[in-house]
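The lines below spell out each chain.
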Amino acid sequence: MKNFKLKKNTVLFLLVGTLFLTFSFKSKFFEVAKQIEIYNTLFKELNMYYIDEINPAEFTNKAIKNTLKDLDPYTNFYNEQDVEDAKMRRVGEYSGIGTAVYYIKKGIQLKEIYKGFSADKAGLKAGDVIISIDGQSLKNMEREQLSMLLKGVPDSKVFLEIERQDKIIKKELIREKVVVNPVPFYKMIDDEIGYITLTRFNNKASSEVKKAYRSLKKEGMKRLVFDLRYNPGGSLLEAINISNFFIPKGKVIVTTKAKIKKWSNTYKGTNEPLDLKIPIVVLVNGRSASASEIVSGSLQDYDRAVIMGERSFGKGLVQRYRTLTYGNQLKLTISKYYTPSGRCIQELDYTNRNAKTGKVPKFSDNQINEFKTENGRTVFDGGGVMPDVEIKTSKRTDVTKKLINSKAIFNFAADYYYKNPKIVAAENYKFSKTDFKSFTAFLETDTTFVTEQERLFKAAYMLSGNSNISREYEKIKQKLLVAKINEITKNQDIIKVLLEEEVLEKYYYKEGVYRHHLKNDETISEAVQLLKNEDVYKNILSGK
């Protein structure tokens, strides 16, 4: 009788639970449908009665982006053109003239010229501004329109009008297939140590790393420096494949945990590895993110490589593309990922964003948890992959961060290129103290690097409309400039490296930057020294 009552109560509990879940689901569905209907009626009223014409696509695009902005920066809406651009980045191929670009009010500014492609063969230079394409002015054109104009059918002609150093140049180019190699450089550093740099995890990443690795092995490579600095990530599967090159088949490489059960997965190495013995040093810095952290995190957890450099970015979130109507897409965060030891290295806690200030707290501000590698070494979660060997640099000031996110360094390098027709070989180039002074002087006229204090002060002056205080305004403006220069000078070690790289790229393409690194980069030099000292290398990974 007791068993019957127990069964009866269990059935009743399950029935109530099912009804509750059904009600909850219907309630949520009704709320979503209700809000969509509110937006529809609002849009219809505006379209019918608002005094000016409304652009439906622009209006909806802004509404969607505003909806998503308070989630995380990786959840984004893509219109049809954005979808194509994202696909090109993933695949690593497109048809165009072979450039990386900025979109500005004047038109399209060339950020980087890819060696050997159409733009390079036509003599285009970084810093050039394309102001018209096939006779059509680009002034004040929307980004979505600009991004379409340089791409096209292979072998098709495109006529460009270019502004360079206040002169107008006209060029006719032929569009061609452009392949972006994620491994732009690999080379033997000495008789035994090889170097491979991976700049992105597109669909070609693992195949290109494998190709570079096998090529260096034929040249006698016995140790490897694998450079993931400045690599923002990309494909999860490519990260798994590359980790599997050095981790045994069947070992867990990464685990994802999602709201939807089918998107929660444990990924293991499914292929025979390339090499389980070769000593490896993986280089990371604060711009190594996502897939870069999956590779460095898994190799660290299995004590398979020494991680060297600076703490990585701290992106422990996974995104997936979802198809929407009319060719649009939504890229949304669907899960968090965890390294083999169980770490989630996500730095920012977007779930608990401050509603008033918009500030996003850090997981590391509350608690950092300890985990163990296979050999028993202690590693931590909550804020990127901490290197086993840290290369110290000065702590970036907020003003330096602002500088790095501006175009000032790029603008200076473009100006430097025209003022200095020739420089020494890439391997021997040094950005001197005199050059740094020239850079700080350049900042007096550059309009892209503006601190918050400068912005607010200018806004207050313009709002006052009082021309009688112009002299005082200029004095305070100068003081703010001096304060800005003093702040970035605290990070001269970091900024000099970035300036060196930007200048070298103008003369010798990206290849020149990597050749310079092999001879002058402090972190690569430290990696080489570590790989040459077998006892120290093994001791770091031993956990003793």
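Above this note sits the structure.
The rules behind the values
Residues numbered from 1 in each chain as written. Predicted model: local features only at pLDDT ≥ 70, side-chain atom pairs only at ≥ 80, totals over all residues. Heavy atoms only, no water. Helix = DSSP H or I, 4+ residues; strand = E, 2+ residues; numbered from the N terminus. Buried < 20%, exposed > 50% of the residue type's maximum accessible area, 1.4 Å probe, protein only. Contact = heavy atoms within 4.5 Å. Lys, Arg positive; Asp, Glu negative; His and termini not counted. Charge placed at Lys NZ, Arg CZ, Asp CG, Glu CD. Pairing = 2+ DSSP bridges. Polar contact = N/O pair within 3.5 Å; in protein donor to acceptor, adjacent residues only side chain to side chain. Expected span 1.5 Å × (residues − 1). Salt bridge = Lys/Arg side-chain N within 4 Å of Asp/Glu carboxyl O. Axes fitted to C-alpha atoms, helices over the stretch in contact; angles between N-to-C directions. Phe/Tyr/Trp six-rings, centres within 6.5 Å; stacked < 30°, edge-to-face > 60°.

Asker: Looking at this model, I keep getting lost on the overall build of the protein. Mind explaining?
Answerer: When helices and strands are tallied, the protein shows 17 helices and 21 strands. Based on the C-alpha atoms only, the size of the protein along its principal axes is roughly 95 × 75 × 55 Å. The buried share of the protein, reckoned over its 544 residues, is 43%. Relative to all contacts within the protein whose residues are 6 or more apart in sequence, the contacts with residues 24 or more apart total 69%. Of the side chains in the protein, 91 bear a positive and 68 a negative charge, and the two mean positions are spaced by 5 Å.

Asker: Any chance you could explain the pairing of strand S7 (residues 157-164) here in plain terms?
Answerer: Two faces make up the sheet, and in a regular strand the side chains alternate between them. Burial along S7 is one-sided: the face carrying Val158, Leu160, Ile162 and Arg164 is buried and the face carrying Lys157, Phe159, Glu161 and Glu163 is not. As paired elements, strand S5 (residues 129-133) and S7 share four bridges and run antiparallel to each other. If you follow Val129 over to S7, its bridge partner there is Glu163. Here eight bridges tie S7 to strand S8 (residues 167-174), and the two strands are oriented antiparallel to one another. Counterpart to Val158 in the pairing with S8 is Leu173. Linking S7 back to S8 in an antiparallel pair, the connection comprises two residues, with Gln165 at a positive phi of about 50 degrees.

Asker: What should I look at first to understand helix H7 (residues 236-244) in this one?
Answerer: Since one α-helical turn is 3.6 residues long, residues separated by three or four positions face the same way. Among the nine residues in H7, seven count as buried, and that is most of the element. Within H7 the residues assigned to the buried category are Leu236, Glu238, Ala239, Ile240, Ile242, Ser243 and Asn244. Residues of H7 that are buried in the fold lie against helix H6 (205-218), strand S12 (223-227), strand S13 (252-258), strand S14 (265-268), helix H8 (291-301) and strand S17 (317-323). Sitting at the head of H7, Ser235 places a side-chain oxygen 3.3 Å from the backbone nitrogen of Leu237.

Asker: For this particular structure, what's the right way to read helix H2 (residues 56-68)?
Answerer: For H2, with 13 residues, the first-to-last C-alpha span of 18 Å sits near the 18 Å given by 1.5 Å per residue. Put simply, Asn55 is the residue that caps the front of H2, since its side-chain oxygen is 3.1 Å from the backbone nitrogen of Ala57.

Asker: How do you make sense of the environment of Leu332 when you look at a structure like this?
Answerer: Tracing the backbone through its elements, the reader meets Leu332 in strand S18 (residues 329-338). Sequence separation between Leu332 and Leu317 is 15 residues; the distance between their C-alpha atoms is 9.9 Å. Not counting residues up to four positions away in its chain, the partners in contact with Leu332 are Thr75, Val318, Gln319, Arg320 and Arg322.

Asker: What am I meant to see in unusual backbone geometry here?
Answerer: If you check the backbone angles, Asn140 has positive phi at about 60 degrees while not being a glycine. Assignment of secondary structure puts Asn140 in the loop between strand S6 (136-137) and helix H5 (143-149). Residue classification places Asn140 among the exposed positions, given a relative accessible area of 54%. With a phi close to 70 degrees, Asp166 is a non-glycine residue in the positive phi region. With respect to the helices and strands, Asp166 occurs in the loop between S7 and S8.

Asker: Before we go on, may I ask you to explain the pattern of salt bridges in this structure?
Answerer: Two side chains with opposite charge may pair up if their charged atoms get near one another. In the structure shown here, the tally under the stated rule is 31 salt bridges. Note that Lys532 and Asp190 form a salt bridge whose closest N and O atoms lie 3.6 Å from each other. Note that Lys532 is positioned in helix H16 (residues 522-532) and Asp190 in the loop between strand S10 (185-188) and strand S11 (193-197), a separation of 342 residues in sequence. Residue classification places Lys532 among the exposed positions, given a relative accessible area of 52%. For Asp190, a relative accessible area of 25% corresponds to the partly exposed category. The closest approach of N and O atoms between Glu208 and Lys211, which form a salt bridge, is 3.4 Å. Placement of both Glu208 and Lys211 in helix H6 is noted, with a separation of three residues, approximately one turn of the helix. Residue Glu208 is classed as buried on the basis of its relative accessible area, which comes to 14%. Among the charged side chains, a salt-bridge network with shared partners connects Lys115, Glu427, Glu511 and Arg515.

Asker: I keep staring at the sheet that holds S10 and nothing clicks. Help me out?
Answerer: Remark on secondary structure: sheet strands pair via backbone hydrogen bonds, oriented parallel or antiparallel. Read from one edge to the other, the open sheet built from six strands follows the order S10-S11-S12-S15-S16-S21, with strand pairing classed as mixed. Since the sheet does not close on itself, it has two edges, and those belong to S10 and strand S21 (389-390), each with one partner. Bridge count between S11 and S12: five bridges; the pairing is parallel. Across the sheet, the residue bridging to Thr197 is Asp227, located in S12. Lying on the sheet, helix H17 (residues 534-542) is in contact with strand S15 (280-284), strand S16 (306-309) and S21; it crosses S16 at an angle near 105 degrees.

Asker: Would you explain the side chain of His517 in this entry?
Answerer: Within the secondary structure layout, His517 lies in helix H15 (residues 492-520). Those residues in contact with His517, other than ones at most four positions away along the chain, are Glu501 and Ile524.

Asker: Would you explain the packing of aromatic side chains in this entry?
Answerer: When we look at a pair of aromatic rings, we describe it by the centre distance and by the angle of the planes. Evaluated as defined, the whole model comprises 17 aromatic pairs. For the ring pair Phe245 and Phe246, a centre distance of 6.3 Å and an interplane angle of 90 degrees mean the geometry is edge-to-face. Taking 5.6 Å as the distance between ring centres and 75 degrees as the angle between the ring planes, the aromatic pair formed by Phe412 and Phe442 counts as edge-to-face. One end of the pair, Phe412, is in helix H11 (residues 408-419); the other, Phe442, is in helix H12 (residues 433-442), and 30 residues separate them in sequence.

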